Amino acid sequence: DQPDDYVVATGESHSVQEFAEAAFAGDARFADVTFTRNASFASARFAGGAYFGNARFTRGADFSGAAFMGTARLRKAAFAKEPDFSKATFARGRD
């Protein structure tokens with residue numbers, strides 16, 4: 001299977017593979033974003049905060065193996081399917 005493409009708040013198109021294993025040096029802000037296809041952040045590294053508040057995941061959301069070094073905020077995020085946080089690590093708080 002090939003990854004689907006989707007657009008994030010920047011208006012730029014990104015493939016699912018670009019976020020899998022991605023390294024975010026600063027804050028990653030996906031608040032209020034709607035993911036219309038499978039969203040994969042598997043094995044991604046978030047050095048700063050990871051903000052997904054009010055984000056909507058209309059299909060799958062994979063955070064397996066992701067490392068959250070700063071605050072992980074998922075407050076009021078809506079998931080169509082159970083998100084996968086298996087083997088994800090949280091160095092600070094999460095909400």
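Residues numbered from 1 in each chain as written. Predicted model: local features only at pLDDT ≥ 70, side-chain atom pairs only at ≥ 80, totals over all residues. Heavy atoms only, no water.

Q: Teacher, can you tell me more about the nonpolar core here?
A: General note: in soluble globular proteins, nonpolar side chains tend to be found buried as a group. In terms of nonpolar packing, the biggest core is built from 23 residues, with Phe24, Phe30, Phe35, Phe41, Phe46 and Phe52 touching the most fellow members. Phe52 has contacts with Phe30, Ala31, Phe35, Phe41, Phe46, Phe57, Phe63, Arg73, Leu74 and Ala77, leaving out every residue within four places of it along the chain. (Core = buried A, V, L, I, M, F, W, Y, C linked by side-chain atoms within 4.5 Å. Buried < 20%, exposed > 50% of the residue type's maximum accessible area, 1.4 Å probe, protein only. Contact = heavy atoms within 4.5 Å.)

Q: Sorry, what's going on with the confidence of the model for the protein here?
A: When pLDDT drops low, the exact placement of atoms in the prediction is not to be read closely. Looking at the protein as a whole, the pLDDT averages 84, with 78% of positions reaching at least 70. Least confident of the elements in the protein is strand 1 (residues 5–7), whose mean pLDDT is 44; most confident is strand 11 (residues 67–68), at 97. Contacts from residues 1–8, a stretch scored under 50 in pLDDT, to residues over four places away or in other chains number 24 contacts. (pLDDT = per-residue confidence, 0-100. Helix = DSSP H or I, 4+ residues; strand = E, 2+ residues; numbered from the N terminus.)

Q: What exactly am I supposed to notice about the side chain of Ser64 here?
A: If you trace the backbone, Ser64 turns up in the loop between strand 10 (61–62) and strand 11. Exposure remark for Ser64: the relative accessible area of 16% places this residue in the buried category. A polar side-chain atom of Ser64 sits 2.7 Å from a polar atom in the side chain of Asp62. Beyond its immediate chain neighbours, meaning those up to four positions away, Ser64 contacts Ala42, Ser43, Asp84, Phe85 and Ser86. (Polar contact = N/O pair within 3.5 Å; in protein donor to acceptor, adjacent residues only side chain to side chain.)

Q: How should the sheet that holds strand 3 (residues 23–24) be read in this particular structure?
A: Strands sit in the order 3-7-11-14 across an open sheet of four strands; the sheet is parallel. At either end of the open sheet lies a strand with only one pairing partner, and these are strand 3 and strand 14 (89–90). Relative to strand 14, strand 11 runs parallel, the two being bridged by two bridges. Residue pairing in the sheet places Phe68 in a bridge with Phe90 of strand 14. (Pairing = 2+ DSSP bridges.)

Q: Even after reading the chapter, I still don't get the packing of aromatic side chains, so can you show me in this structure?
A: Two aromatic rings are characterised by how far apart their centres lie and by the angle between their planes. For the structure shown, the criterion picks out 23 aromatic pairs. Their ring planes at 40 degrees and their centres at 6.2 Å tell us that Phe41 and Phe46 sit as a pair that is tilted. Grouping residues by exposure puts Phe41 and Phe46 together as buried. Pairing Phe52 with Phe57 gives two aromatic rings, centres 6.2 Å apart and planes at 40 degrees, and the pair type is tilted. The same class applies to Phe52 and to Phe57, which are both buried. (Phe/Tyr/Trp six-rings, centres within 6.5 Å; stacked < 30°, edge-to-face > 60°.)

Q: Which parts of the structure should I look at to understand the pattern of salt bridges?
A: Opposite charge on two side chains lets them pair, provided their charged atoms get close. Throughout the structure, instances matching the rule amount to one salt bridge. Residues Arg29 and Asp27 are paired through a salt bridge, measuring 3.2 Å at the closest nitrogen-oxygen approach. A relative accessible area of 43% places Asp27 in the partly exposed class. (Salt bridge = Lys/Arg side-chain N within 4 Å of Asp/Glu carboxyl O.)

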